[in-house]
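Residues per chain, in single letters:
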Amino acid sequence: MNSYERIYWVVRRIPRGKVATYGQVARLAGNPRWARVVGYALHVNPDPEYIPCYRVVDRMGHTSKAFAFGGEDVQRKLLEADGVPFLPDGRVDLSVCQWDGIE
């Protein structure tokens, strides 16, 4: 399995209502130094219906400014539809919804 396939495998496991950070996905995919690679892989997501890349945020809980599938607001709307809470400053509340990596 190549690096992108491992990343997609991890992202597919993030449950509805939870998010993971780029670094967390990198660690779970086998290399903690791949956070940037995770971003590249998600930008070229071949199957957004089954690989929920919108569930990946930065380490502070910010959504992507260049969300590949419709812009920044689309990622937030998708996360809100999943039941993900946001803080008043617009960040995802990681203390409530960060995925623990266990299904």
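The rules we used
Residues numbered from 1 in each chain as written. Predicted model: local features only at pLDDT ≥ 70, side-chain atom pairs only at ≥ 80, totals over all residues. Heavy atoms only, no water. Helix = DSSP H or I, 4+ residues; strand = E, 2+ residues; numbered from the N terminus. Buried < 20%, exposed > 50% of the residue type's maximum accessible area, 1.4 Å probe, protein only. pLDDT = per-residue confidence, 0-100. Core = buried A, V, L, I, M, F, W, Y, C linked by side-chain atoms within 4.5 Å. Contact = heavy atoms within 4.5 Å. Arc of directions from axis to C-beta.

Chemist: In this structure, what is going on with the environment of Ala81? I would like to understand it.
Modeler: Mapping Ala81 onto the fold places it in helix H4 (residues 72-81). With a relative accessible area of 52%, Ala81 lands in the exposed category. For Ala81 and Arg16, which are 65 residues apart along the polypeptide, the C-alpha to C-alpha distance reads 9.2 Å.

Chemist: It is not clear to me how the confidence of the model for the chain should be interpreted in this structure. Could you clarify?
Modeler: Reading predicted coordinates in detail is not appropriate for stretches of low pLDDT. Summarising the model, the chain shows a mean pLDDT of 92, and 94% of its residues fall at 70 or more. Element-level mean pLDDT values for the chain span from 88 in H4 up to 98 in strand S1 (residues 20-21).

Chemist: Teacher, can you tell me more about the nonpolar core here?
Modeler: Side chains that are nonpolar tend, in soluble globular proteins, to be buried together. Residues Ile7, Val11, Ile14, Val25, Val38, Leu42 and Val56 are the most contacted members of the largest nonpolar core, which totals 17 residues. With four residues, the single largest contributor to this core is helix H1 (residues 3-13). Those residues in contact with Val38 that lie beyond four places of it in its chain are Ile7, Tyr22, Val25 and Ala26. Residues Leu79, Val84, Val92 and Leu94 belong to the second largest nonpolar core, which totals nine residues.

Chemist: So what exactly am I meant to see when it comes to helix H3 (residues 35-43) here?
Modeler: Quick reminder: α-helices carry 3.6 residues per turn. Residues three or four places apart thus point the same way. Those residues of H3 not exposed but buried are Val38, Ala41 and Leu42. Taken down its axis, H3 places every buried residue within 95 degrees of arc, on the same side. Exposed and oriented more than 90 degrees from the buried face of H3 are Arg36 and His43. Those residues of H3 that are buried lie in contact with H1, helix H2 (22-29) and strand S2 (56-57).

Chemist: Would you mind showing me how to read the environment of Val38 here?
Modeler: Note that Val38 resides in helix H3. On a C-alpha basis, the gap between Val38 and Thr21 in space is 9.5 Å, while along the polypeptide they are 17 residues apart.

Chemist: What's the story with the environment of Tyr22 in this structure? I'm lost.
Modeler: In this structure, Tyr22 sits in helix H2. In this structure the C-alpha to C-alpha distance between Tyr22 and Val11, which are eleven residues apart in sequence, comes to 9.9 Å. Sequence-distant contacts of Tyr22, that is, excluding residues within four places in its chain, are made with Ala35, Val38, Gly39, Leu42, Val56, Val57, Asp58 and Ser64.

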